Structures are given as C-alpha cells and as structure tokens.
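# Coordinate analysis (summary)
Chain by chain, the residues run as shown.
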Amino acid sequence: MKIHFLGGVREVGGSCIAVESNGEKVALDYGIKVGEKVSNQLRKDFDVVIISHAHLDHSGNLLSLSRLNPVIVGSEITRDVTSELLLDMIKIQHLNGNHFPYNKRDVDNIRKSWWVRDAIALSGMQIRLHPAGHVAGAKMTSIKAEGKEILYTGDFCLHDTEILEGTKLEGLPKEPDGLVIESTYGGTTRPPRSKLVDQFFRQIRDTIEREGNILIPAFAFHRTQEMAKRIDQAIHEGVLPDYHAYTISTLAHKITDYFNSQRHFFTEEIQKQRHPFNYRHVKPLRRTKQIKEPAIVICTSGFGHAGASLHLLTEWAANEDNSVMINSGYLPPDSPLKMAKEKGELIKNGNKIPVQAEVEQIELSGHADQTELIQLVETLKPKRTFLVHGEPEQAQALSEKISDITEVYIPEKRETIAM
Ligand SMILES: [Zn+2]
C-alpha cells in the first residue's frame, strides 16, 4: 500500500491524500486552498474520492472532477452542504466577474456521482467511515489492504458540543499500521470548554447590561447553527436575559434546513426535538435593516470580509457599548476581524475607523486541541503516525509530545510513503 501526500501537508488547506493498493486508487479529500480557486493540476485518476466533510479545504476541488463522473463517497449532509458551498463559490466568482469555468450543472454532476455510504469494498481494499465530530457529517476513513490498516482522521475533535458528539474512540481501529492525523492545533491547549462557554456568556451579559449590540461573525456551515442553538438555549434557560437575537445569512439558512431534516447526525437531545434548528428566541433575518437594536446578531462572513458581518462591524465598531465576539482561533492576515482586534482600526471606503467596541476572541473550536490529539494517539497506539493539516510549528509541537508512543513523521508535499 502506498500513501501519496498531495496537499494539506505542512499547511492548512488543499487537503488531498492518495492511497494506492492492488491497482485501486483512492483519494482522501479533494480540497482547495482557502482564498484560492479550483486547481486543475491536482491528480484526477481516482477510482473513488472520499470526502471527509463539507469544508471547502477538503471538498472544494471536486468541481475539477465534475465532468469525469467519479465515484464520490461521503455522508448525506456532507453531500448536501458541499453542494451549497460549491454553488455559493460559483456565484461569488461570477458576481466578481472572474473567469470561472464551472456552473450549476457541475454541482448537479457531483451530486449524481455521490454515494452515501459508511463502508465500501474495492478489489482487495476495505474502506470504512467513522464519525469524527468537528462538523455535522464529518467522517474519519479507515482502509484495510494487503494485510495493513491505515486511519485518516480528516478534521476531528473528541469533545462534545451543544449539538454534536465528538469522535468515539471505541469504534476506531486499534494499533493501525498508519495513522494520518490533522495537527491544526498540535501546539495549543485550550481551557475546558465549559469555562470558555461561561466566559462567552459573561461577555454577552456585560454588553446587554450596557444595552450594547453584540456582533458574532460565524461560518454559514455548522458554526452559525451551533452558535444560534447555544444562545437560544441560554435565553430559554435564563442564562442570558431576553434580548433581540438574529441570524443573517441566506446560505446559513439553507444549510439550517438540512440540519433540521437530518437530525440523526446530532446529539440524542437534538434528535428528540422536531425542528431543533428552528429557534425559539433567535430569529432568521434577510437583511441588517430589519434588526431591532440593541441585539445579538450571528452573521456571515465568518472573518468579516463581506456581507452582514462586514456591514455591522463597520457600523458598530465606533461605539464602546458594543461587542464583537470572535470564535475562530485562526484569522487570515487580511481579515477585518484581525485588524479590529490587533490594530484597533478598520478601513471603510478608504477611511480609517477607530474600533471602540470590545473585541473578544473566545475559541469555541471544532478541532481537537493538543490534549485531544495526544489522547487519540495514546488510545489507538499506531505503529507510524503522519502529521498533516497543520502549520510546521504546530505539527512539530505535537510530534515532540507523541514520539515516545509512535514513530512520527511530518511528510513533505508530493512525498510518497510505502506501508
Ligand atoms: Zn474542517
């Protein structure tokens, strides 16, 4: 069995790994680099392409395969959300007047080529998918071939959240010959999640006391729904006072419909509810004009580059009564949120606006932190471990922590390993 590391190594973005055995060629993820377009350069000769989850850094390059009718395997919600995210990407590229040679038919082709499966067998190769936490429908993949077994984690977490359970270690193959594991936060340990959630609610309560607005930029997929559910429950249980609360994002609202109709991906508590993502206190709005201030607003884009979050950021930043809550640990260097947080200023129509609002970063991440990464390695005891999907410092930090349990290797891009 051979593993080719084609993308998403020594960096985050463009995840793609090829596994070859007995003439069968399988791709694990087929992503784009964030902020970059679909690449036609990535290898295309696969029998099966397995998509771990709907984030575009794992799925976005599927457009380049859409006219080759490949067999794509992944969960139902990964198929549905990937389709929505690809359609959105096509729309944005065309709106910006960019040359982008894909359209809705390509997304239809991808949907038609998609097999919703948790297990498949190729000649001499057995493939199984396992729940991974992280976001709705995310899966790890294990492959057995030539008497060897490997496990690819994709993005994962062990911790449960309000809506989703983390990976269950019991179901994963023990002592695999190879483990290919993400290392996004390989050098980072976070305080317990309950502490972070308390801190998050405290910040919101303080802002409500001074009757300020609270802006929560969030990604349309999973983070918006998780955040809205968290705030909805908190208002319902009296943890937060009753306050106007909204989500604004056409894309997020479409994705929320899938969340309501595919409840089996979520926690038991969520499954008991009929329409768990039709919130009691958090109302979906189409535009910022409809907001009754003061309010809590969860909206896209997640980094404040565009849409309602950019509009409200520039509108609300100058008032010290307001708060901006950042949930992502990572912020791109050119993002308005990073400027607001680190430089205390924003640019609007070429003019600088000083940021007086409180900008708080509380990382409620869907990725495993260092403790969880080590726990997975300690439990599974893989013979060899390959660190991917992480900046070199993060991968290195994790490598030092697990090198007495397993043989660790940080592959280079385009490197091939024989198992
Ligand atoms: Zn992801």
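All of the points below concern the structure found in this document. (Residues numbered from 1 in each chain as written. Predicted model: local features only at pLDDT ≥ 70, side-chain atom pairs only at ≥ 80, totals over all residues. Heavy atoms only, no water.)

Scanning the chain from terminus to terminus reveals 11 helices and 22 strands. Radius of gyration (C-alpha) of the chain: 21 Å, near the 22 Å computed for a compact globule of 419 residues. By principal-axis analysis of the C-alpha atoms, the chain measures approximately 65 × 45 × 45 Å. Residues counted as buried form 58% of the 419 residues belonging to the chain. Sequence-distant contacts in the chain: of pairs separated by 6 or more residues, those separated by 24 or more amount to 71%. Surface accessibility of the chain: about 18,000 Å² in total, with carbon and sulfur atoms responsible for 47%. (Helix = DSSP H or I, 4+ residues; strand = E, 2+ residues; numbered from the N terminus. Rg over C-alpha atoms; globule rule 2.2 N^0.38 Å. Buried < 20%, exposed > 50% of the residue type's maximum accessible area, 1.4 Å probe, protein only. Contact = heavy atoms within 4.5 Å. Areas by Shrake-Rupley, 256 points an atom, 1.4 Å probe, with all protein chains shown as cover.)

All right, on to helix H5 (residues 223-236) then. Under the 1.5 Å per step criterion, the end-to-end length of H5 is 20 Å for 14 residues, consistent within 8% with the ideal 20 Å. With respect to burial, H5 is a largely interior element, 13 of its 14 residues being buried. (Expected span 1.5 Å × (residues − 1).)

One way to put it is that helix H4 (residues 193-209) packs onto H5 with a least axis distance of 12 Å and a crossing angle of 70°. Relative to H5, the element H4 is oriented roughly perpendicular. The handedness of the crossing between H4 and H5 comes out as right-handed. Residues Arg-193, Val-197, Phe-200, Phe-201 and Ile-204 of H4 form the contact with H5, whose own contacting residues are Glu-226, Met-227, Arg-230, Ile-231 and Ala-234. A breakdown of the residues in the contact of H4 with H5 according to their chemical character gives seven nonpolar, no polar and three charged. (Axes fitted to C-alpha atoms, helices over the stretch in contact; angles between N-to-C directions. Parallel < 35°, antiparallel > 145°, perpendicular 65-115°, else oblique. Left-handed = near helix turned anticlockwise from the far one by under 90°. Nonpolar A, V, L, I, M, F, W, Y, C, P; charged D, E, K, R; others polar.)

Let's shift gears to the coordination of the zinc ion. Taken together, His-53 (NE2), His-55 (ND1), His-134 (NE2) and Asp-155 (OD) make up the full set of protein donors to the zinc ion, lying 2.2 to 2.3 Å away. In this structure, the zinc ion is surrounded by four donor atoms whose angles at the metal cover 91 to 167°, and the resulting shape is irregular. In the primary structure, the donors to the zinc ion are separated according to the pattern H-x1-H-x78-H-x20-D. Here His-134 lies in the loop between strand E8 (125-131) and strand E9 (139-145) and His-55 lies in the loop between strand E4 (48-50) and helix H1 (56-59), a separation of 79 residues in the sequence. (Donors = N, O, S within 2.8 Å, 3.2 Å for Na, K, Ca; no water. Tetrahedral: all angles 85-135°; square planar, octahedral: opposite > 155°, others 65-115°.)

In space, the seven strands of this open sheet follow the order E7-E8-E9-E10-E11-E20-E21, with mixed pairing throughout. Two strands bound the open sheet, and with one partner strand each, they are strand E7 (119-122) and strand E21 (407-409). Ignoring which end each strand starts from, the neighbouring axes of this sheet average 15° apart. Most of the contacts of helix H10 (residues 370-380) go to strand E11 (residues 178-182), to which it runs at about 170°, and overall it touches E9, strand E10 (148-152) and E11. (Pairing = 2+ DSSP bridges.)

Within a sheet, adjacent strands bond to each other through the backbone by hydrogen bonds, running parallel or antiparallel. The strand order across the open sheet formed by six strands is E14-E13-E15-E12-E16-E19, and the pairing between neighbours is parallel. Only two strands of the sheet have a single neighbouring strand rather than two, namely strand E14 (282-285) and strand E19 (358-361). Averaged over all pairs of adjacent strands, the angle between strand axes in this sheet comes to 20°, irrespective of strand direction. Direction of pairing for strand E12 (residues 214-217) relative to strand E16 (residues 323-326): parallel, over a ladder of two bridges.

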